[in-house]
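# A look at the structure
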Amino acid sequence: WFLSPFSSFSVCIVGDHLEIERLVSIDRRDLELWQVIHRYHAPLTPAAVAAVCVDLGLPDFELEEPVSIAELLVLMRAEAPAVVVAPVRVERTRFHFGGCDGERVAMAVGDQRCETLALRGHDAGAVHAAVRRLGLSQAMNMNLPRALKLMLGIASQPYMARSMPPRSGVSTSTRSSS
């Protein structure tokens, strides 16, 4: 993960590609709607690196040649010391519950550990019903990038104000169990 104090965008490295997501809206019951806005495969073109920089609130590195993800990690550490490159160990268990796709995630950053439960669905009502059936209606709702920032002590720009109702698309609710 790339975690920036200047942005609430999520930048995640998965294998040979990099994904950038943005928080679109939060409804009155804290259901979050996220959207993948960029997905880049390595090697990363100068335009892809520029997009990552913009989304993290950084100046463009103005590269002339494509770079590997490893080279981008080195650049981030050298040129953007405020951005934390967080190696996250993740164990995922996927399931289906109440008409929603679910995922239990156990993650570790260094010696810090956290478990989350996420429910995803196109029907916000089904997601809310599943959260209630699991007994998590009163649990804190927090997205993964913000949880990582808290674990690592990274101050961040405030997350967006609530907007109701969420737009159509995939609604995501992430519940922290720790």
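The sections below set out a description of the structure shown in this document.

Quick notes on the rules
Residues numbered from 1 in each chain as written. Predicted model: local features only at pLDDT ≥ 70, side-chain atom pairs only at ≥ 80, totals over all residues. Heavy atoms only, no water. Buried < 20%, exposed > 50% of the residue type's maximum accessible area, 1.4 Å probe, protein only. Helix = DSSP H or I, 4+ residues; strand = E, 2+ residues; numbered from the N terminus. Polar contact = N/O pair within 3.5 Å; in protein donor to acceptor, adjacent residues only side chain to side chain. Pairing = 2+ DSSP bridges.

Quick look at helix α3 (residues 124-133) now. Residues of α3 that are buried include every one of A126, V127, H128, A130 and V131, and no others. By the N-cap criterion, in which a side-chain oxygen at the helix start approaches the backbone nitrogen of a residue two or three places on, α3 is capped by D123, the distance to G125 being 2.9 Å. Phi turns positive one or two residues past the end of α3, at G135, with a value near 75 degrees.

Further remarks concern the environment of P81. Within the secondary structure, P81 sits in the loop between α2 (69-79) and β5 (84-85). Judged by relative accessible area, P81 falls into the exposed class, the value being 68%. As a C-alpha pair, P81 and S4 span 77 residues in sequence and 9.6 Å in three-dimensional space.

Here the bond from A42 into P43 is cis, since omega is 0 degrees, no more than 30 degrees from zero. Of note in this structure, E62 is not a glycine but carries a positive phi near 50 degrees. The topology assignment puts E62 in the loop between α1 (46-55) and α2.

Next up on the list: the pairing of strand β3 (residues 17-26). For a regular strand, side-chain orientation follows a simple rule: the groups alternate between the two sheet faces. Burial analysis of β3 places eight of its ten residues in the buried class, the great majority of the element. Here strand β2 (residues 10-14) runs beside β3; their pairing, made up of five bridges, is antiparallel. When the bridges of β3 are listed, V14 appears paired with H17. Across nine bridges, the pairing between β3 and strand β4 (residues 32-41) is antiparallel. Residue pairing across strands places L18 opposite Y40, the latter belonging to β4. The antiparallel pairing of β3 with β4 creates a hairpin that spans five residues between the two strands, and D30 there sits at a positive phi of about 70 degrees.

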